[in-house]
Structure formats: structure tokens, C-alpha cells
Amino acid sequence: MRRSILSSLRAHLGRLVAACLAIVLGVGFGTLALSVHASASHGIDETIGKSNAGVDAVVESDRRSIEPKDVAAVQKLPQASSVVVDTGAYLQIQWAGQVRPSYLPIKALYDTSKIAGPKTSSGRLPTGNLEIAIPARTAEKNKVALGNKLQLSSYDEKRWTVTVVGILDDSTSFGTGAAVATPQAVKVFEPQGYVNQIKVSAQPGTDQAALAAAVGAVVPGLQVYTGAGWIDHEVKSFTNGIDVLGGVFGMFAVIALFVACLVIANTFTIVIAQRTREMALLRCVGASRRQVFSSVLAEASVVGLVASAIGVVVGVALSALGLALSREFDLELPPISLHLDLVSIFAPLLLGTVATVLAAIVPARRATKVAPLAALRPEAAPAAASKRGVVRLILGFLLLAGGGLLLAASAAMSQVVIGVAGGVISFVGVLAIGSLLVPALVRLLGALPARKGGVPARIAVANAVRNPRRTAATTSALLIGVTLISLTCVGIASVRKTFDVTMDGEYPVDLTVRTYDEKLPAGAEQQLRDIKGITQVVPIRTVDVKTGDQTLTITGVDQARAGSIIHNPQLAAQLRPGVALLDLQTMRMLQLSDGSDITLVASGHKVTLKAQQAAGLDPITITQGDLQKLAPAAAISGFWLASDPKADGPDVIDAVQQSLPSVKVLNVDGGLAERSAYTQVFDVLLIVAVGLLGVSVLIALVGVGNTLSLSVLERTRENALLRAMGLTRRQLRGMLAVESLLMALVAAGLGIVLGLVYGWTGTAALMSSQTDGKVQYAVPVTLLVTIALVAAVAGLLASVLPARRAAKVAPAGALATE
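Counting restarts for each chain: residues are numbered from 1 in the order of the written sequence. Given that this is a predicted model, residues contribute local features only at a pLDDT of at least 70 and side-chain atom pairs are listed and counted only at 80 or more, while totals for whole chains, interfaces and linings are drawn from all residues. Each side-chain value is worked out from all heavy atoms of the structure, with water and hydrogens disregarded.

Participant: Could you clarify how one ought to interpret the overall build of the protein in this entry?
Facilitator: Helix and strand counts for the protein stand at 29 helices and 19 strands. The proportion of buried residues among the 818 residues of the protein is 46%. Here, two residues are considered to be in contact whenever any of their heavy atoms come within 4.5 Å of each other. Counted over contacts in the protein with a minimum sequence separation of 6, partners at least 24 positions apart contribute 81%. Per element, the accessible surface of the protein, about 40,000 Å² overall, is 61% carbon and sulfur. The numbering of helices and of strands both runs from the N terminus, where a helix is a DSSP run of H or I of at least 4 residues and a strand a run of E of at least 2. Working definition: with a 1.4 Å probe on protein chains only, accessible area under 20% of the residue-type maximum means buried, over 50% means exposed, and in between means partly exposed. Only the protein chains shown count as cover for residues, and the accessible areas themselves come from Shrake-Rupley with a 1.4 Å probe.

Participant: Can you walk me through the nonpolar core in this structure?
Facilitator: Nonpolar side chains in soluble globular proteins tend to be buried together. Think of a nonpolar core as a cluster: buried Ala, Val, Leu, Ile, Met, Phe, Trp, Tyr and Cys residues, connected wherever their side-chain atoms sit within 4.5 Å. Ranked by size, the top nonpolar core spans 27 residues in total, and within it Phe427, Leu479, Leu754, Leu784 and Ile787 carry the most contacts. Mapped onto this core, the elements with two or more residues apiece are α13 (416-432), α17 (468-506), α24 (672-714), α26 (729-767) and α27 (781-798). Per element, the largest residue contribution to this core is 11 residues, and it comes from α17. Discounting residues that sit within four places of it in the chain, Leu479 has contacts with Phe427, Val430, Leu431, Ala747, Leu750, Gly751 and Leu754. Counting 26 residues, the second-largest nonpolar core is a separate cluster that includes Val292, Ala307, Ala364 and Ala367.

Participant: Help me out: how do you make sense of the confidence of the model for the protein in this one?
Facilitator: A low pLDDT score tells you not to read the predicted coordinates there in detail. Counting all residues, the mean pLDDT for the protein is 81, and 85% of those residues have values of 70 or more. pLDDT: the predictor's confidence for each residue, scored from 0 to 100. Highest mean pLDDT in the protein belongs to strand β5 (residues 131-135) (94); lowest belongs to helix α1 (residues 2-11) (56). Note that residues 378-385 has pLDDT below 50 and, in this model, six contacts with residues that lie over four places away or in other chains.

Participant: Where do I start with the packing of α26 against α27 in this structure?
Facilitator: In a pair of packed helices, the angle between the axes and the distance between the axes together describe the arrangement. Lines fitted to C-alpha atoms define the axes, with helix axes restricted to the stretch in contact, and inter-axis angles between N-to-C directions lie between 0 and 180 degrees. Contact pair α26 / α27: the axes reach a minimum separation of 8 Å and the direction vectors enclose 155°. Here α26 is positioned roughly antiparallel relative to α27, judged by the angle of their axes. In this structure, α26 crosses over α27, and the sense of that crossing is right-handed. Residue-level contacts link Ala737, Ser740, Leu741, Ala744, Leu745, Ala748, Ile752 and Leu756 of α26 to Leu784, Ala788, Ala791, Ala792, Gly795, Leu796 and Ala798 of α27. Charged means Asp, Glu, Lys or Arg here, nonpolar means Ala, Val, Leu, Ile, Met, Phe, Trp, Tyr, Cys or Pro, and polar covers whatever is left, Gly included. Looking at the contact of α26 with α27 residue by residue, the classes come out as 13 nonpolar, two polar and no charged. For classification purposes, an angle smaller than 35 degrees is called roughly parallel, one larger than 145 roughly antiparallel, one from 65 to 115 roughly perpendicular, and anything else oblique. Throughout, a crossing is termed right-handed when the near helix is turned clockwise from the far one, and left-handed when it is turned anticlockwise from it by less than a right angle.

Participant: Which parts of the structure should I look at to understand the packing of helix α14 (residues 434-445) against α26?
Facilitator: For the pair α14 and α26, the least separation of the axes is 10 Å and the interaxial angle reads 110°. One finds that α14 runs roughly perpendicular with respect to α26. In this structure, α14 crosses over α26, and the sense of that crossing is right-handed. Of the residues in α26, those touching α14 at Leu437, Val438, Leu441, Val442 and Leu445 are Leu742, Leu745, Val746 and Leu750.

Participant: Would you mind going over the pattern of salt bridges with me for this structure?
Facilitator: Where charged atoms of side chains with opposite charge meet at close range, the side chains can pair. Salt bridge, as used here: a side-chain nitrogen of Lys or Arg that lies within 4 Å of a carboxyl oxygen of Asp or Glu. For the structure shown, the criterion picks out 11 salt bridges. Note that Asp70 is salt-bridged to Arg64, the shortest N-O span being 2.8 Å. For Asp170, the salt bridge is made with Arg137, and the minimal N-O distance between the two is 3.8 Å. Here Arg137 lies in helix α4 (residues 136-141) and Asp170 lies in the loop between β7 (159-168) and β8 (179-181), a separation of 33 residues in the sequence. With relative accessibility at 18%, the residue Arg137 sits in the buried group. Put simply, Glu525, Arg529 and Arg561 are held in one network by salt bridges that share partners.

Participant: Help me understand the side chain of Asp170, please; the structure alone is not making it clear to me.
Facilitator: By relative accessible area, Asp170 is classed as buried at 8%. A polar contact is formed between the side chain of Asp170 and the backbone nitrogen of Arg137, at a distance of 3.0 Å. With sequence-adjacent residues up to four places away left out, Asp170 is seen in contact with Pro135, Ala136 and Arg137. Think of a polar contact as two N or O atoms within 3.5 Å of one another; within protein, one of them needs to be a possible hydrogen donor and the other a possible acceptor, and neighboring residues in sequence only count if both atoms come from side chains.

Participant: I keep staring at the packing of aromatic side chains and nothing clicks. Help me out?
Facilitator: A ring pair, where both rings are aromatic, is described by two values, the distance of the centres and the angle of the planes. Only Phe, Tyr and Trp rings take part, Trp by its six-membered ring, and two of them pair if their centres are within 6.5 Å. Stacked means planes under 30 degrees apart, edge-to-face means over 60, and tilted covers everything else. Under the defined criterion, the tally for this structure stands at four aromatic pairs. Pairing Tyr90 with Tyr103 gives two aromatic rings, centres 5.4 Å apart and planes at 5°, and the pair type is stacked. With Tyr90 in strand β2 (residues 80-94) and Tyr103 in strand β3 (residues 102-108), the pair connects residues that are 13 residues apart, well separated along the chain. When the centroid spacing of 6.4 Å and the interplanar angle of 70° are considered together, the rings of Trp760 and Tyr777 count as edge-to-face.

Participant: Could you clarify how one ought to interpret the environment of Ala145 in this entry?
Facilitator: The topology assignment puts Ala145 in the loop between α4 and β6 (149-153). Among the residues examined, Ala145 registers a relative accessible area of 39% and is labelled partly exposed. C-alpha of Ala145 to C-alpha of Ile167: the two residues are 22 residues apart in sequence and 8.1 Å apart in space.

Participant: Would you mind showing me how to read helix α23 (residues 649-657) here?
Facilitator: Because an α-helix packs 3.6 residues into every turn, residues spaced three or four apart end up facing the same way. Every buried residue of α23 is accounted for by Gly649, Val652, Ile653 and Val656. Viewed end-on, α23 has its buried residues packed into an arc of 100°, placing them on one side of the element. Its side-chain oxygen placed 3.0 Å from the backbone nitrogen of Asp651, Asp648 serves as the N-cap of α23. This arc is built from the directions going out from the helix axis to the C-beta atoms.

Participant: Hey, could you run me through a positive patch on the surface in this one?
Facilitator: Only residues whose relative accessible area exceeds 30% and that form no salt bridge enter a patch; like-charged residues are grouped when within 9 Å of one another, and nonpolar side chains (Val, Leu, Ile, Met, Phe, Trp, Tyr) when within 5 Å. Note that His is not counted, nor are the chain ends; the positive residues are Lys and Arg, and the negative ones are Asp and Glu. Just so you know, the charge point we use is NZ for Lys, CZ for Arg, CG for Asp and CD for Glu. Where like charges cluster on the molecular surface, the positive patch consists of Arg289, Arg365, Arg366, Lys369, Arg392 and Arg469. Relative to the elements of secondary structure, Arg289 occurs in helix α9 (residues 289-326). The exposure class of Arg289 is partly exposed, given its relative accessible area of 46%.

Participant: In this structure, what is going on with the pairing of strand β17 (residues 620-623)? I would like to understand it.
Facilitator: Working note: regular strand, side chains alternate between the two faces of the sheet. Sheet analysis places strand β13 (residues 550-557) next to β17, joined by four bridges and oriented parallel. Considered in β17, the bridge of Ile554 is made with Ile620. Pairing between two strands is assigned when DSSP locates at least 2 bridges connecting them. Inspection of the sheet shows strand β14 (residues 579-582) paired to β17 by two bridges, in the antiparallel sense. Paired with Leu581 across the bridge in β17 is Thr621.

Participant: So what exactly am I meant to see when it comes to unusual backbone geometry here?
Facilitator: For Lys143, which is not a glycine, the phi torsion comes out positive at approximately 55°. Looking at where Lys143 falls in the secondary structure, it is placed in the loop between α4 and β6. The phi torsion at Leu660 lies on the positive side, around 50°, for a residue other than glycine. Examined against the element boundaries, Leu660 turns out to sit in the loop between α23 and β19 (667-669). Accessibility expressed as a relative area gives 1% for Leu660, which makes it buried.

Set out below in C-alpha cells:
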């Protein structure tokens, strides 16, 4: 049998190429996910380990702050060799070119002979009280060089001029680091400096556990870690997000491998069906059913092992390329080099091989059930209405109904786990009834081309539904990919819309700009309007008023222009003459309810308004006309700003904060920062998810092309007969293109419908409890149409090679083919 297996592999290698490609893609993607995760985790472990070298115990504030007496107690311990007190100051700094100061954290230097500390990439560490060393990223961003003078100031208006004597090496640190100065300088900058941590190194002969126990005994109420425990704590704080991302990558890798299994199973089913005579001859010359079954699994094992090994190599290469490209972007992360462990290499290799063997079991069993003499006769088309098929259909409908009920329950009860179970069960039901559903949809969709496209189109529709089980298996792989992509797009669009509506309620105005006890320049409105990304600027006026015993600040805004700046239309409609909009806290403080009268008094003027609760605006907001009744001479004290949704939020905020240079203190507030942060997350999630799921679609399209290729081989005599009867090569290629297009469109259409259902129910389950049931459902029409078009084009491309192969066969030669 060994010779038979090897000769069979050589003879049918071309037919197994598509299955091999599917395995390579699935395993390669899994290897990529695992190796990138392993490299990132190892890089973080190494970086944090280096930055905490020599640390045997760490004291961190827990239920209370670290006090000087705690530091003194630790320093007196005989087990402690070196004690480092992590203290710092937080000062304002005036960078060159900035209108207003920013903030700079400064940490105190310490003895680094036993515990690792900051090092310079150029210059030296500070030794004088008016010297400072700043991180390299901060220096590069603000164009600071050695010898530059910097202006520092504290919260109580004290000022210092310091000299930059060193640039700190932050290439192996996370984010933007702190500057460093001498302990005496930090004490001057911040006399009441906050102690962040105490790091301790042990005397020779004292282990970390003993040192941590001794430290814990003298600092009750504070959290004490061993050195190894502290490193593990820090690593987890950084790798939690990486682990989550690794889980997401792993999930998509499993999906890609599952789709590959469908392609593999379909490929082996067709290949074994074409080799029925060969299998029968083996049975006739003495091969047992067990030997035939084993030979098929052996072929699958060889194919799986070789293709998985290639996939591992491809995945490792892509990982190295991706990590190299990541160094070109300023992510404020230390450089991460490729790190491979046993899991990232052998797990994908083993999974790919095992998945291939498992996918081949059903076709192998089917090969052993054909009687030798029956197999030597021409095989009839499979019956569509077998008892097994009926049972499968009944089970499929039951699963579909049960899954649908679970989806409805998850949306009503806000239980994501129930929704996931319902989605999986219902989707399995869809796959089970695929042999009935897919051909029906193909006939429905193919009615128009069959009517308008002539004989080739009618033959294409007939061929597409000739073998319902094969057609369903072929489209199921593409169906999974399209469903997942549609689900992701619909889910993210719905969550984003829900988030936008929630943000419109909490932060109806993007940005507010205010001054306190300062006069705005005459051209302030135009200066703000000229900022890139700002679309609307509406001035506001404020006045202090009395209501009862309370003194409150009232904001007045032009009613006619407020609608262009307030995102919430209902809130904008509430703002009208005779009405005062109050936030919930102010309503409770004044003991008011909706519709209550509120009387405001300012400078001898009085006005009575109807109170209405409104979230997101100032404590009390009224129309500009009502404000002028209270303070006719009230000057403009600030502005409400609207931004372009496509603009970069942080850049817009920075530009606004550095605007109006004649104003000393400018307060910039609003929901733009939070909105922009979440929008960026949604955009990244969508790009990553679509990109990852695209791999499964690519594998599925390999399956479509494979099915067409094998069907061309199956129908060699039939195609030759059509050619002999007058069908041209162009018509033959068109026939296969229509067949492929129909399968792709059915998978795309059904996948988009399922994606809408799953995306909406998932959004309801995820967001209902967080939004009091006010979930917004979105239909990303552009993305869904794009998905359908890509599936259609890909289906056509999948038919190119099979069609060329079919068209090249001469009719006379093909008619003689067995």
C-alpha cells in the first residue's frame, strides 16, 4: 500500500494543490498570530526585566500613601542593601513654539550601583540643582538639544530656568518617559513630592521572599512585592491587552483553519469520487476496506504535514516582516525582535496536520462503502432525497429554530454568551440545510441569466445545482467568510452609531473654549474658525446670577446658531426663549423638577424661566435673548466649537489649546477627545477584523476554484460533447464563469443577510444593558455592497484557470477520455 499511496500522490498532486494552498494559508495565519504574540510578550518581559534589574522587593501604595516614616523604616532593615525612593514632581514647561505651557514629569535620580536606573544616550546625568536630562522621544518631539535652557514653573507660580545636560535613552521603555533631576532639585520643585514606590535590593544571602516579608512587617497597609512578583505584575499590566489581541488573532486563525477544513473535505470528497474505479480495482486485487481507508488518511497526513510545514515557514516569514515594518512607526514601544517558541512552531504544524486528517475521514469512509463490482460501473448521480439527507434537513431546521430562539433571548436578556451559542447553533443549522437552500437560491438567482444568457447560461445553472451537496459544501466555505465579515461590519457600525448617540447625549458639544477674568481678542472667533478641522464656532456669554441663596454662572447662546453646534437635535429644540436648561446636579441642588419656575437675578435685573433637565451642557444654559435681559452688557467669554468628524481629534484639540496667544489662561473642554479615541479604536478594529477575515475568504475562494477545476475534469466528456455540438470556447468559458458567479453571489447574499441578523442581535446583547435599551442599529450599505462586489469579482477570477483548462481540450480527444 505504501507504493500505491506514493504513486497516488504523484498522480493526483495537481488536484490536491488547492487543498494544500488552503492549509498553507490557514496554518500560516495561525503561525503569524502565535509568533507575533510570543515575540511581543517576550519583548515586554525582557524590557521590564532590564528596567528592574537588581530589585528584590518593591513597596507600592495600596490602602494608604507611602510616608517618610515608611521610607525610614525600610532603610533601617538589616536585610536591605540598597533602598531607592521613587519620588517626582509634575511641572509646567514652556516648549519652543508653543503658546501655552505643557506638563513634564520629573523624577529624582538615585544610586544605580545595585538597582538599574536611567542612562543617557548623549550627554550626562544631572549633578547640579538647575540641570535636567529629558527622554529622547520628548527631546525629538520638541526639538530640544544639549545645552538648551528650559523654563519650568510650579502650580504656585514659582519659576526655574534649567539646562539640558543629557538626553535619556528611552529606546527600551514604554510610552513617554519622565525627565530626571537631582533629588535636591526635585525637593525644591515639589517640597511635598509624592512617593510612587520604594525599591529595595537584598543583602547577600537574603532571598527575595525573606526580604519582602521583612519589608511588609514594617510598612503595614502597603502592598509589598518580591522582585520577581513585581516584574510579573508589571508584565501583566502591559500584556493584558496583548493577550486579548492574541486571543482575537487566535480566534480568526481558528476560523481560517475551519474554512480550510471545509475546502479540504470538499477536495478529498471530489478526488475520491473521481477515483472510485481506482479504489474498486484495489478492492478487487485484495485490498481490504481498512487498507483503503488507511491509504486515504495516509495521503491526507502527507498532504497535511507538507502543507502545514510550508504554512509555518510562511507565517514565520510574515511575522519577521511585520515586526520589521512596525519599527518604522512611532508607536512609543521598544523594538520587538522575532522570538519563536515551541508552541508557535509546533502547534500550527500539529493542528494543520490533524485538521487535514479529520477533514478527510468522512470522504475516506465513503470510499470504503462502495462495493468493488458496483464501483466498476459508471457512477450514478447522488440521490438528493436519501433517508440520511432527510434526517439532515430535519435536524438543520431544528438547529436553525433553536439558534434563532437563543439569539432572541440574548438580545432581550443582554447575554452575549447566549448570543454566541445561538449564532453558532443557527449557523450550523444553515450549513445543514445548505443542500436544499443553496440550490434553491442558485435557481432563483440564475433565472435571469438562464432566460437572457442563452444555452450556456442555462447549462451553467443546471451544472451549479446538479450535485446539491457539493454546491452547498463549496459555497459554505465562502459563506462563513462573508458572514463573519458582514457580522463584523454591521456590529461595529451599530456599536459606533449607538456610541455616537450616547456621546451626543453626554457631550452634545465637541469643544468649549473659555476664559476666566480675561478679555477675548476682537478676532478670536475668526482665529478659531481658521483652525483646520473646526467647522462651526458659536460665541457664548456668561454671567453670575442669584437664585435664592445660591450664586450660579449662567451661559447664554444664540438660539438660531445653537442647532449647528449641538449634536443632539432634541436638546437643541429644548433651547428656546423662556426656558432654562439645567443639568441633573443643578436641578437636585435647587430642588427643581421639569416645568418648575426658576427666577434669576443679576445686577438688579430679574427673569423667571421654566426649568428643564438637559444633560451635557453647562449647569444652566439659556438663550442669548434671555441672558441680555439679565446682563445687557455681558461680553463674549468663550465659544462652542464643532469639528469635522473626519479630522484628527487630538490634532484639533492641540491646535485649539495653542490658539489665541494673547489670552493667558484658555480652558478647552468637551467630548472630542473621548469621541476621537473611541472612533480610532472602531476604525482600527474594523480594518484588523476585515483584514483577518479576508484570509478566510481567500481560502474559501481557493475552494470555489478547486471545485470548478475538479468539475471540469469530471465533465471532460460532457464539455467535449457540447463543443462538438457547436459550443465555442468563449461560450464554454462563459458557462463556467456564470456557474462560479452564481455560487459566489449566493454565498455573498446569504452571508450578508446572516451578518445583518447576527450583527444586530450581537449589538443588542452587548449594548442594551449599557444604554438602557437604547440600541441603534446600522446598515453599512457601502461596505456590504463592496463585500458583495468583491465576492462576485473573486468568483469570476476563481473560474479563469478552470475555464482555460476546459477550453484547451480538443473535442475529439476529450470524447475518447475514460
